[in-house]
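Coordinate analysis (summary)
One letter stands for each residue in the lines below.
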Protein chains: 2
Amino acid sequence: METILHKIRFSFDSLGPAEQRLASYLLSHTDDIIGLSISELSRRSGCGDATVVRFARRLGLEGYGELKIRLASEMRATSELSAEIQRGDSCLDIFRKRIADIQESLHNTESVLNADDLTRAAEAILRSDRVVVFGLGNSAAIAHDAAHKFLRLGLAAQSCCDNHMQAIVASHLGRGSVAIGISHSGTSRDVVEALRLCKICGATTICITNYGHPPIVDASDIALFTKSDETKHSILAMSSRIAQLAIFDSIYTYIVLNADKSARQAMQNTEFALQNKKY
Amino acid sequence: METILHKIRFSFDSLGPAEQRLASYLLSHTDDIIGLSISELSRRSGCGDATVVRFARRLGLEGYGELKIRLASEMRATSELSAEIQRGDSCLDIFRKRIADIQESLHNTESVLNADDLTRAAEAILRSDRVVVFGLGNSAAIAHDAAHKFLRLGLAAQSCCDNHMQAIVASHLGRGSVAIGISHSGTSRDVVEALRLCKICGATTICITNYGHPPIVDASDIALFTKSDETKHSILAMSSRIAQLAIFDSIYTYIVLNADKSARQAMQNTEFALQNKKY
DNA sequence: ACAATAAATGAAAATAATTTTCATTCGGGA
DNA sequence: TCCCGAATGAAAATTATTTTCATTTATTGT
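Cut-offs used in this document
Residues numbered from 1 in each chain as written. Chains lettered and ligands numbered in written order. Predicted model: local features only at pLDDT ≥ 70, side-chain atom pairs only at ≥ 80, totals over all residues. Heavy atoms only, no water. Helix = DSSP H or I, 4+ residues; strand = E, 2+ residues; numbered from the N terminus. Buried < 20%, exposed > 50% of the residue type's maximum accessible area, 1.4 Å probe, protein only. Contact = heavy atoms within 4.5 Å. Areas by Shrake-Rupley, 256 points an atom, 1.4 Å probe, with all protein chains shown as cover. Lys, Arg positive; Asp, Glu negative; His and termini not counted. Charge placed at Lys NZ, Arg CZ, Asp CG, Glu CD. Domains from an automatic or database assignment. Buried area = accessible area lost by both parts, 1.4 Å probe. Salt bridge = Lys/Arg side-chain N within 4 Å of Asp/Glu carboxyl O. Pairing = 2+ DSSP bridges. Axes fitted to C-alpha atoms, helices over the stretch in contact; angles between N-to-C directions. Near = heavy atom within 4 Å. Polar contact = N/O pair within 3.5 Å; in protein donor to acceptor, adjacent residues only side chain to side chain. Nonpolar A, V, L, I, M, F, W, Y, C, P; charged D, E, K, R; others polar. Expected span 1.5 Å × (residues − 1). Parallel < 35°, antiparallel > 145°, perpendicular 65-115°, else oblique. Least-squares fit on C-alpha atoms with pLDDT ≥ 70 in both. Core = buried A, V, L, I, M, F, W, Y, C linked by side-chain atoms within 4.5 Å.

From N to C terminus, chain A includes 13 helices and 5 strands. Residue burial in chain A is summarised as follows: out of 279 residues, 53% are buried. Here the contacts in chain A between residues at least 6 apart in sequence split such that 64% fall between residues at least 24 apart. In the structure as shown, chain A presents an accessible area of about 12100 Å², 51% of it carried by carbon and sulfur atoms. Between the averaged position of the 31 positive side-chain charges in chain A and that of its 32 negative side-chain charges there is a distance of 2 Å.

Turning our eyes to something else, we now look at the domain arrangement of chain A. According to the domain assignment, chain A contains domain 1 (1–80) and domain 2 (115–275). Centre-to-centre separation of domain 1 of chain A and domain 2 of chain A, based on C-alpha positions: 46 Å.

Okay, the interface of chain A and chain B next. On the chain B side, the residues contacting the 70 residues of chain A number 71 residues. Together chain A and chain B conceal approximately 6600 Å² of surface at their shared face, both sides included; 67% is due to carbon and sulfur atoms. In terms of surface lost to chain B, no three residues of chain A exceed Cys91(A), Phe95(A) and Tyr279(A), which account for 12% of the buried area on that side. Counting across the chain A and chain B interface gives 8 salt bridges.

Turning to the sheet that holds strand E2 (residues 157–160) of chain B, a few remarks are in order. Residues and elements named next belong to chain B. The parallel open sheet is built from 5 strands, whose spatial order is E2-E1-E3-E4-E5. Each end of this open sheet is capped by a strand with a single partner; those strands are E2 and strand E5 (222–226). Taken pair by pair, the neighbouring strands of this sheet meet at an average axis angle of 15°, ignoring direction. In this structure, strand E1 (residues 130–135) lies alongside E2, joined through 4 bridges in parallel fashion. Directly across from Val133, in E2, lies its bridge partner Ser159.

Another aspect to go through is the protein's contact with DNA strand D. Ala18(A), Gly48(A), Thr51(A), Ile38(B) and Arg57(B) are the nearest of the 20 residues found near DNA strand D. Counted by atom, the contact set of DNA strand D within 4 Å of the protein is 71% sugar and phosphate. A distance of 2.5 Å separates a phosphate oxygen of DNA strand D from a polar atom in the backbone of Ala18(A). Within the contact set of DNA strand D, a phosphate oxygen lies 2.7 Å away from a side-chain nitrogen or oxygen of Arg57(B). Listed by contribution, the elements that provide at least two residues to the surface near DNA strand D are helix H2 (17–28) and helix H4 (49–58) of chain A together with helix H3 (38–45) and helix H4 (49–58) of chain B. Among the residues forming the surface near DNA strand D, the class breakdown is 8 nonpolar, 7 polar and 5 charged.

Residue and element names in this part refer to chain A. One open sheet holds the 5 strands; their spatial order is E2-E1-E3-E4-E5, and the pairing between them is parallel. This sheet does not close on itself; its edge strands, each paired only once, are strand E2 (157–160) and strand E5 (222–226). Taken over all neighbouring pairs, the strand axes of this sheet differ in orientation by 15° on average, direction set aside. Across the sheet, helix H9 (residues 163–171) lies against strand E1 (130–135) and E2, angled at about 155° from E1, the strand it touches most.

Residue and element names in this part refer to chain A. Taking 1.5 Å of rise per residue, 13 residues should cover 18 Å, and helix H8 (residues 140–152) covers 18 Å from first to last C-alpha, within 8% of that figure. Within H8, 11 of the 13 residues are buried, which leaves it mostly tucked inside the rest of the structure. Immediately beyond the C-terminal end of H8, within one or two residues, lies Gly154, with a positive phi of roughly 90°.

Scanning the entire structure with this criterion turns up 31 salt bridges over all chains. Lys149(A) is paired through a salt bridge with Asp249(A); the nearest N and O atoms lie 3.0 Å apart. Within this pair, whereas Lys149(A) is found in helix H8, its partner Asp249(A) is found in helix H12 (residues 239–258), the two being separated by 100 residues in sequence. Both residues of the pair, Lys149(A) and Asp249(A), belong to the buried class. Arg44(B) is paired through a salt bridge with Glu40(B); the nearest N and O atoms lie 3.0 Å apart.

All names here are of chain B. Helix H10 (residues 189–200) packs onto helix H9 (residues 163–171) with a crossing angle of 10° between their chain directions and a minimal axis gap of 8 Å. In this view, H9 runs roughly parallel relative to H10, as classed from their interaxial angle. Where H9 abuts H10, its residues Asn163, Gln166, Ala167, Ala170 and Ser171 lie against Asp190, Val191, Ala194, Leu197 and Cys198. Classifying every residue of the contact of H9 with H10 by side-chain character gives 6 nonpolar, 3 polar and 1 charged.

Let's shift gears to helix H12 (residues 239–258) of chain B. Given 3.6 residues to a turn, an α-helix orients residues that are three or four positions apart in the same direction. Here H12(B) contains 20 residues, and its C-alpha end-to-end distance of 29 Å stays within 8% of the 28 Å for a straight helix at 1.5 Å per residue. Of all the 20 residues making up H12(B), 19 are buried; the element is thus mostly covered by neighbouring parts of the structure.

What follows is about the relation of the copies chain A and chain B. For the pair chain A and chain B, the relating rotation is 179°, the translation along its axis is 0.7 Å, and the fit reaches an RMSD of 2.9 Å. Here the transformation between the copies is reduced to the relation of a two-fold axis. Residue Ala141(A), judged by its C-alpha, is the member of chain A lying nearest the rotation axis, at 2.2 Å. In this assembly the copies share their binding face: 100% of the residues contributing to the interface of chain A also contribute to that of chain B.

Now for the nonpolar core. With 94 residues, the main nonpolar core has Phe150(A) and Phe150(B) as its most contacted residues. Beyond its immediate stretch of four places on either side in the chain, Phe150(A) contacts Ile125(A), Val131(A), Leu155(A), Ala157(A), Ile180(A), Phe248(A), Ile251(A) and Ile255(A).

What follows is the structure, encoded as C-alpha cells:
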C-alpha cells in the first residue's frame, strides 16, 4: 500500500518551489502536523493556505483535513518501530520492543512471500501421502509444531530433528511425499543434505528460510521466504521464527478450509481424543 | 499505552444517555469517523454538536479535531483487525489475516502481562540451578523452544513433553529448581499435576496460560498470562502460542542482558560449537 | 409529593478553520 | 518586448467547530 509520505517523497521533484517548501516541512516535521491548522502550517512552511490545499489534492486527497488524518495514521505505524533493546530495560520493556520487532518482521515477510509458491506448498502438503519436517537446533521447535498441526489434520506427518533420523527418513521417501526443511540461515548442512536426498528420491521439497539465496533454496522445489533483520538484538533468530510459524499457521488454515470431509473428521477425532486429558 | 478507544469503553458507564449513544456509534463505526464532520457525526449518533465536543473533552482531548485524529491513528492498528478468514481465501490472504490476529493477540497480552511477575519469573530462571519446561500437544513445541533457548545460555534446562517423564522429573526437583508449565487453556491435567508435584518438592513453579483463572494458576507461584481470542478461526490456539513465544523471547533476552560473564561465555561456546554445522 | 438544585443536552450564535476565487507574479518562448 | 500559462497567496466564501445559554431531565432534601 502506497503511503502518503512515500507519495510526497516521490513527487517532490515535480512540485513548484512553494509546494517543495511545504513538502520539505512535512517530511521533516511530520509529527507536528497533527496539531497544526492549515494557516499555521502554511505560515511555518512559508506558503499560502491555497497551496496546502492544492498540494493535498495533488496527492489524490480530498483536502487538508484528509492529509492531516492520513499523515497522523501513518505516523504511529512508523513511530512504533523497534527501539533498540538495551541493558537496564525491564522485562516488560523488552516484551514491548519484541512486539515491534515481530510486527516488522511479519510485515516484511508478507512483502517477500510469493503467493503462488505458498499456495503450491499448501496444495502439495494437502495432497501428499506423507509429510516430514526437518529442523535442527533453533528450528527444531518449529518443525515439531508444524508436524503436530499436520497430524491433527490426519496427515501422515512427522518431524525429524536429529540428523541421522533425517537421513534415514529422507532415503525412504518417494513421489507423493513432501519434505519441508526449516533453516533461518538456509545453511544448516544436515538439513540441506536431507532435503537434497528427499528430492533425489522423488519427494516434493519445500524450504522455509530467510530471504536471499542460501544453499537450501537449491535443494528445494518450492522456497518460502521470511524476512527479518535479526542483527539487532542477539545471535538468536527470534523474529524469523515467528514468521515461520505464521507461514505454517496459514498453510494449516488453508488446508482446514480446503480439505474434504475426511480431514475435517480427522480434526474432530483429534479433539475428541484430547477431551479427557483436560479438567 | 492507553488508547482512546479503551478510554471510551472504560468510561462508557459513567456517561449520560446522549454521550452513550455517541460512544456506541464510535465504537461500532470507528472506521467511518474519519470522513465525518462534527455535525454529520452528531446527526448519525443522535446527539448535538456540543455533546460531541464535551465528549472529546471528557476524554482529555482538545476537541473534536483531536478526537478524529486520535481515532484515525488508532484505527490503522485496529483496521487491520482480523477480517474473518473464510473459505476461498488464498493462502496469502490467510497469512495477512493471521498477521492481524497475531498483532491483536500480542497487544492484548501486553496489556494483561504483569511487569513484576514477568521480572520475577526471569530472575527465578536466571538464578535457578535447573529449569524444566512442561508442555503437551500444541504446547510441546513451545516447551522445546524455551528449553532450547535456556540451554544456549548454559542453564541446565530441559523440556518434558511426555506425561510420564514429567511426573518423574517433577519428583526429583528441589529448592533452586524452576518448573514452567505451558498450557493455553490452563486445564491440561498432566501438566497441572506435574507442576503441583514440583511445587511440593520445593521448586519455583511458573505457568504460562491464557488470561483467566484456570487450574494451572493455582499450581503456580508465578502466573504469566497471554490474552488472545482464539474462537475466531479454528480449534487450535495459534495466536496465543505466538504470545507465549514472545514471552520466552523476552525472558531470554532479559537474561542475556543481565547475566554475568559466565553466561555470555556459555552463549559464545554455543555459537562456536555450532559453527561447523553450517556451510 | 414537591420544590430546589444539579447535571445533561441541543439549538443557535460566535468563532475558527478550510476551500474557492481571483488578481498578481514569474519564467520561458515567439 | 509581449504574451501565455503555470504557480502562488490574499481575501472572500464556505464550511466546520466551539461556546453560550435556555431547556429538559434527573436527583436530593424536606
